[in-house]
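# Structural features, examined
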Amino acid sequence: MKLEQVVPFGRSLSEYREMFSLSVGDCSRNILGVGDGPASFNAEMTKLGHRVISVDPLYSFTGQAIKQKFYEVVDDIIEQVRRTPSDWVWTYHQSPDDLRANRLTALHAFLADYDAGKNQKRYVVGELPHLSEVHDATYGLALCSHFLFLYSDQFGLEFHKAALYEMLRVASEVRVFPLLTLKGARSPYIAPVVHSLEKQGFQLSIQRVEYELQRGGNEMLVVKRG
Ligand SMILES: C[S@@+](CC[C@H](N)C(=O)[O-])C[C@H]1O[C@@H](n2cnc3c(N)ncnc32)[C@H](O)[C@@H]1O
């Protein structure tokens, strides 16, 4: 998979549950979704009475503009997926068409919630590595899906380290998924990031999860304050 920029593709609550092995207890924590983009995670969690704040630079745009950005890239991405059948695992999504349909469902659930969510300050403009609006230790759990490690070609090691430390400043636990790059290889930054965080006394584990779409992309990094 080759992408010029970080794409506004969003996943559902059911995918977040699998990617991050979210338990009932996890869902009742104060959650920060970092780089949630047009995922329907916040919308669906809010409907269930949970507390999620999503932060993403994308939220400086209107819903209409986000929708347009999505449609500008979706067909190219699905075509790239179709051309590389052995790179993907069709267990959660059944096919490239099903993947496209599921991304559309998530986008529309996000868009239906976006204006209300912005008014309620559940969708906040911000970006790693500085979440300057967020106070220390505000959240029980910070989640980052399909941004860190995935875009290792676009963002370097120092960015990744700074981003992880920043999420640990605002949350007592951080989970990141997947650990693969867009090319499907393990990110070269996993080992140095783990080394750096362990040296600072954080508790780390790499855990197997249910979700797998990129072949081999079925692990998350979990970091807790020591
Ligand atoms: C592929 S989308 C993933 C969306 C969502 N996390 C999911 O898995 O469904 C990547 C998101 O990262 C966001 N992003 C780009 N640069 C960022 C940064 N510096 N800090 C936080 N998010 C960023 C993009 O705007 C985009 O919404």
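These notes cover the structure that comes with them. The shown structure was predicted, so the numbers you read here are calculated from the model rather than taken from an experiment. Each chain carries its own residue numbering, running from 1 in the direction its sequence is written. Totals for whole chains, interfaces and linings use every residue, but because this is a predicted model, local features are given only for residues with pLDDT of at least 70 and side-chain atom pairs only at 80 or more, for both listing and counting. The side-chain quantities take in all heavy atoms of the structure and omit both hydrogens and water.

## Comments concerning the overall build of the protein
When you go through the protein residue by residue, the secondary structure sums to 7 helices and 7 strands. In the protein, the succession of helices and strands from N to C terminus is α-α-β-α-β-α-α-β-β-α-β-α-β-β. For 226 residues, the compact-globule estimate of 2.2 N^0.38 gives 17 Å, and the C-alpha radius of gyration of the protein, at 16 Å, lies within 12% of that figure. For the protein, the spread of C-alpha atoms along the principal axes amounts to about 45 × 40 × 30 Å. The burial tally for the protein puts 51% of its 226 residues in the buried class. Working rule for contacts: check all heavy atoms of both residues, and any pair within 4.5 Å makes them a contact. In the protein, once contacts between residues fewer than 6 apart in sequence are set aside, the share between residues at least 24 apart is 72%. Where helices and strands are cited, they refer to DSSP runs of H or I of at least four residues and of E of at least two residues respectively, numbered from the N terminus. Here the radius of gyration uses the C-alpha set of atoms, whereas the globule reference equals 2.2 Å times the residue count to the power 0.38. Three exposure classes are used, based on accessible area relative to the maximum for each residue type with a 1.4 Å probe and protein chains only: buried under 20%, partly exposed in between, and exposed over 50%.

## What to know about empty space enclosed by the protein
In the cavity and pocket records, a cavity denotes points on a 1 Å grid over the protein atoms alone where a 1.4 Å probe fits but cannot get out, a pocket denotes an open set with protein on both sides within 12 Å along at least 5 of 7 lines, and lining residues are residues with an atom within 4 Å of a point. Grid points are joined across faces, edges and corners, and a volume is the space filled by probe spheres set on the points. Evaluated as defined, the whole model comprises 1 cavity of 30 Å³ or more. Estimates place the volume of the largest cavity at around 30 Å³. Under the scheme applied here, ten amino acids are nonpolar (Ala, Val, Leu, Ile, Met, Phe, Trp, Tyr, Cys and Pro), four are charged (Asp, Glu, Lys and Arg), and all others, including Gly, are polar. Partitioned by chemical class, the residues of the lining of the largest cavity number 3 nonpolar, 3 polar and 2 charged.

## Some thoughts on the environment of Ala 163
Tracing the backbone shows Ala 163 in helix α6 (residues 157–170). Ala 163 sits 36 residues away from Glu 127 along the chain, and the two C-alpha atoms are 9.2 Å apart. If sequence neighbours within four positions are ignored, Ala 163 has contacts with Leu 128, Pro 129 and Leu 148.

## Description of the environment of Glu 173
With respect to the helices and strands, Glu 173 occurs in strand β5 (residues 173–177). Judged by relative accessible area, which is 5%, Glu 173 ranks as buried. For the pair Glu 173 and Asn 42, spaced 131 residues apart in sequence, the C-alpha to C-alpha distance is 18 Å. Not counting residues within four places of it along the chain, the set of residues in contact with Glu 173 comprises Arg 29, Gly 140, Leu 141, Ala 142, Val 222, Val 223 and Lys 224.

## Considerations on the nonpolar core
To define a nonpolar core, start from buried Ala, Val, Leu, Ile, Met, Phe, Trp, Tyr and Cys residues and group those joined through side-chain atoms within 4.5 Å. The biggest cluster of nonpolar side chains holds 72 residues, and the ones touching the most others in it are Phe 41, Leu 128, Leu 148, Phe 149, Leu 164, Met 167 and Val 176. In terms of residue count, the dominant contributor to this core is helix α4 (residues 63–83) (7 residues). If near-sequence neighbours (up to four positions away) are discounted, Phe 41 is found in contact with Arg 11, Leu 13, Tyr 16, Leu 22, Ile 31, Asp 36, Val 52 and Leu 143.

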